[in-house]
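Results of the structural survey
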Amino acid sequence: MTDEKITQLKKAIDSADAIIIGAGAGLSTSAGFTYSGERFEAHFGDFSKKYGFTDMYSGGFYPYKTLEEHWAFWSRYILINRYQNPPKKVYENLLSLVRDKDYFVLTTNVDHCFQKAGFDKKRLFYTQGDYGLFQCSIPCQQKTYDNEELVRNMYESQRDMKIPSELIPRCPVCGRPMSMNLRADDTFVQDEGWYDAAERYEDFLKRTNAEHGGRVLFLELGVGSNTPGIIKYPFWQMTHTNPNATYACLNFGEAVCPSEIKAKSICINGDIGEVLTNLL
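Notes on the structure follow. The model shown is predicted, which means the values in this text are computed figures rather than measured ones. (Residues numbered from 1 in each chain as written. Predicted model: local features only at pLDDT ≥ 70, side-chain atom pairs only at ≥ 80, totals over all residues. Heavy atoms only, no water.)

Across its full length, the protein holds 11 helices and nine strands. Here the C-alpha radius of gyration of the protein, 20 Å, is about what a compact globule of 280 residues would show, namely 19 Å. In terms of overall dimensions, the protein has a C-alpha envelope of 60 × 40 × 30 Å along the principal axes. A total of 280 residues make up the protein; the buried ones form 51% of that total. Within the protein, counting contacts between residues at least 6 apart in sequence, those at least 24 apart form 66% of the total. (Helix = DSSP H or I, 4+ residues; strand = E, 2+ residues; numbered from the N terminus. Rg over C-alpha atoms; globule rule 2.2 N^0.38 Å. Buried < 20%, exposed > 50% of the residue type's maximum accessible area, 1.4 Å probe, protein only. Contact = heavy atoms within 4.5 Å.)

Next up, the structure:
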C-alpha cells in the first residue's frame, strides 16, 4: 500500500459520477467478523471441544445428529454474525466515503453489515442470501421469513449445545424443518425481495451508462476467488468495455487485475479498514 495509490483512489472516488461497490468476505473480516481464532473460541469453545472443528465455517457444515444440536450452533452463529455489530467501524467509514455519491452495492456477504451501518436498503443487492432469513428446506414455496425473534429464543434457551425441541423452526406451510436462506445448492429461495434488488441493480447499471456516460468507479472490496463470476469477472469485463470506467481492488493478498485493464486500475494490497481510514 502506497501513498500514491491512496491518492489515486481518492481522486477516482471524488471524480466518479457513480460508484458500484462489489463486496466480499474480506470486507467483513477487516471489520472484525473473523470466523476462527479468539472470536471462535470465545463463542464456540464448547462446540470445538465436543465436535472437533476449529472455525465457524466448518461448524456450519458439521453433520449434527439432531436438529436440536444443529440449531444450537446456528442460533449462536446467526446472533453474533447478523444481529451484533462488527467491532470495527469499517462499513461506517465506507459509507462516509460514498454517502454523497450515486452508489450501488453488490455483495456476496450475508451478514447485513451494510444496512446496519446505514447504507440505503434500496441500493443493496445481497446475491447469496441473508443470515436473518429462514426458508423452507424443501422448499415448498419461494418465500423467506425473518428469524430474529426465534434465533434469540433458541440462543437463550439452549443447554449443553442443544435447543428445546419445540423451538426447532418449521415451515408454516408444510411443517418441514426450515433452513437458512443461504445459497448452497438448488434449494436456495430467491424471493420477491431478491428479484426486486436484482432489478434495481440492473436498472442502476443501465441508468449509469445513459446518464453519466459510463464515468463509473467499480470498487471491489475483499472479493476472493470462491465466486469470481458474481463480482470480480463482471467488474473486469465492464471496466474493459467502458472507456470511462475505473476499476479499484482492495484486498489483502489478492489485489490483482488483468493486463487488459491495468492502465485504468488501482490495486491496493492491504487491510481494507486501514485503506478506508487513510482515504478519510
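Applying the stated criterion across every chain, the model contains 10 salt bridges. For Glu69, the salt bridge goes to Lys50, with nearest N and O atoms at 3.9 Å. Separated by 19 residues along the polypeptide, Glu69 in helix α5 (residues 67-82) and Lys50 in helix α3 (residues 37-51) bring together distant segments of the chain. Salt-bridge contacts for Asp102 lead to Arg207; the nearest nitrogen and oxygen are separated by 2.9 Å. With Asp102 in strand β2 (residues 102-107) and Arg207 in helix α9 (residues 192-212), this residue pair connects regions lying 105 residues apart in the sequence. Through salt bridges with shared partners, a single network forms among Asp102, Asp120, Arg123 and Arg207. (Salt bridge = Lys/Arg side-chain N within 4 Å of Asp/Glu carboxyl O.)

Turning next to the packing of aromatic side chains. Applying the stated criterion across every chain yields a total of 31 aromatic pairs. Ring plane angle 75° and centroid distance 5.0 Å describe the contact between Trp194 and Tyr195, whose orientation is recorded as edge-to-face. Assessed through its relative accessible area of 16%, Trp194 is described here as buried. Linked through ring pairs, Tyr35, Phe40, Phe44, Phe47, Tyr51, Phe53, Tyr62, Tyr64, Phe73, Trp74, Tyr77 and Tyr131 together constitute an aromatic cluster. Over the ring of Tyr103 we find Arg123, and its NZ or CZ is 5.2 Å from the ring centre. (Phe/Tyr/Trp six-rings, centres within 6.5 Å; stacked < 30°, edge-to-face > 60°. Lys NZ or Arg CZ within 6 Å of the ring centre and 35° of its normal.)

Moving on, we come to the sheet that holds strand β1 (residues 18-23). Whether parallel or antiparallel, the strands of a sheet pair through hydrogen bonds between backbone atoms. Spatially, six strands are ordered β3-β2-β1-β7-β8-β9 in an open sheet, and the strand pairing comes out parallel. This sheet does not close on itself; its edge strands, each paired only once, are β3 (124-126) and β9 (265-269). Looking at each pair of strands side by side, their axes are set apart by 10° on average, direction ignored. As defined by bridge partners, strand β8 (residues 246-251) adjoins β9 across five bridges and the pair is classed as parallel. Residue pairing for β9: Asn251 is matched across the bridge by Asn269. Its contacts with the sheet place helix α1 (residues 3-15) against β1, β7 (216-221), β8 and β9, and it is angled at close to 130° to β9. Packing against the sheet, helix α10 (residues 232-241) makes contact with β1, β2, β7 and β8, and its axis sits at approximately 155° to β7. (Pairing = 2+ DSSP bridges. Axes fitted to C-alpha atoms, helices over the stretch in contact; angles between N-to-C directions.)

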